[in-house]
Amino acid sequence: MEEDYEKMLEDAREDLPEEVFESARFTIPEADTQKSGNKTVINNFGDIADNLGRDKKHLTKYLLKELGTAGHREGKELILQGKFRRGKINGKIEDYCEEYVICDECSRPDTRLVKEKGVTILKCEACGARKSVEE
Ligand SMILES: [Zn+2]
């Protein structure tokens, strides 16, 4: 009886589509930051944007607005004016993911930002859900 149950669990696991595991593995990338004088450098900014599959300009614009500061990119780095705690920056990256990366319906990150009639839409490739987002 017990064996049957275990076998059943195993079968159930095998039936799960690959994507379930893919999305379970998705973790929001963390910023590796470093203060430099009166500036804060996000060393792995380029990797974060690549990991999320989002345009670096878009993520830059969001972070600068949310942190209320100015900044510019240099290679992989994003250099912010002012001193910011790593935790604060990571919180903003999480907010960004919720708004612009993770699907509300299926919680997967397999999404794209598309423009339709002047409106920016977050479109989920996995389940087809759509929501309009602020640019
Ligand atoms: Zn979805």
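In the block above lies the structure referred to throughout.
Cut-off values and rules
- Residues numbered from 1 in each chain as written.
- Predicted model: local features only at pLDDT ≥ 70, side-chain atom pairs only at ≥ 80, totals over all residues.
- Helix = DSSP H or I, 4+ residues; strand = E, 2+ residues; numbered from the N terminus.
- Buried ≥ 20, exposed ≤ 12 C-beta atoms within 10 Å, placed from the backbone.
- Contact = placed C-beta atoms within 7 Å.
- Core = buried A, V, L, I, M, F, W, Y, C linked by C-beta atoms within 7 Å.
- Pairing = 2+ DSSP bridges.
- Axes fitted to C-alpha atoms, helices over the stretch in contact; angles between N-to-C directions.

### Observations regarding the overall build of the protein
Here is step 1: Along the backbone of the protein there are 5 helices and 7 strands.
Here is step 2: For the protein, the proportion of its 135 residues judged to be buried stands at 17%.
Here is step 3: Contacts spanning at least 24 positions in sequence make up 43% of the contacts within the protein whose residues lie at least 6 apart.

### Re the nonpolar core
Here is step 1: Ranked by internal contacts, the top residues of the largest apolar core, which has 17 residues, are Ala31, Ile42, Phe45, Ile48, Ala49 and Ile93.
Here is step 2: Of all the elements in the fold, those that place two or more residues in this core are α3 (45-52), α4 (56-67), β4 (77-81) and α5 (86-100).
Here is step 3: Counting residues per element, this core draws most heavily on α3, which supplies 4 residues.

### Brief notes about the pairing of strand β6 (residues 119-124)
Here is step 1: With 6 bridges joining them, strand β5 (residues 111-116) and β6 adopt antiparallel strand pairing. Bridge pairing links Lys115 to Thr120 in β6.
Here is step 2: Here β6 runs beside strand β7 (residues 130-133); their pairing, made up of 4 bridges, is antiparallel. Following the sheet pairing, Leu122 is matched in β7 by Lys131.
Here is step 3: Counting the residues between successive antiparallel strands, the hairpin from β6 to β7 contains 5 residues, one of them, Gly128, with a positive phi of roughly 85°.

### Some thoughts on the environment of Tyr100
Here is step 1: With respect to the secondary-structure elements, Tyr100 resides in helix α5.
Here is step 2: For Tyr100, a count of 19 C-beta atoms within 10 Å puts it in the partly exposed group.
Here is step 3: Residues Tyr100 and Lys123, 23 residues apart in the sequence, show an inter-C-alpha distance of 9.6 Å.
Here is step 4: Setting aside anything within four residues of it in sequence, one finds Tyr100 in contact with Arg54, Leu113, Leu122 and Val133.

### A word on the sheet that holds β7
Here is step 1: In space, the 3 strands of this open sheet follow the order β5-β6-β7, with antiparallel pairing throughout. The sheet terminates laterally at β5 and β7, the two strands that pair on one side only. For this sheet, the mean angle separating the axes of adjacent strands, direction not counted, is 30°.

### Let's talk about unusual backbone geometry
Here is step 1: Backbone geometry places Ser107, a non-glycine residue, at a positive phi of 65°.
Here is step 2: With respect to the helices and strands, the residue Ser107 is situated in the loop between α5 and β5.
Here is step 3: If you check the backbone angles, Lys117 has positive phi at about 50° while not being a glycine.
Here is step 4: In this fold, Lys117 is placed in the loop between β5 and β6.

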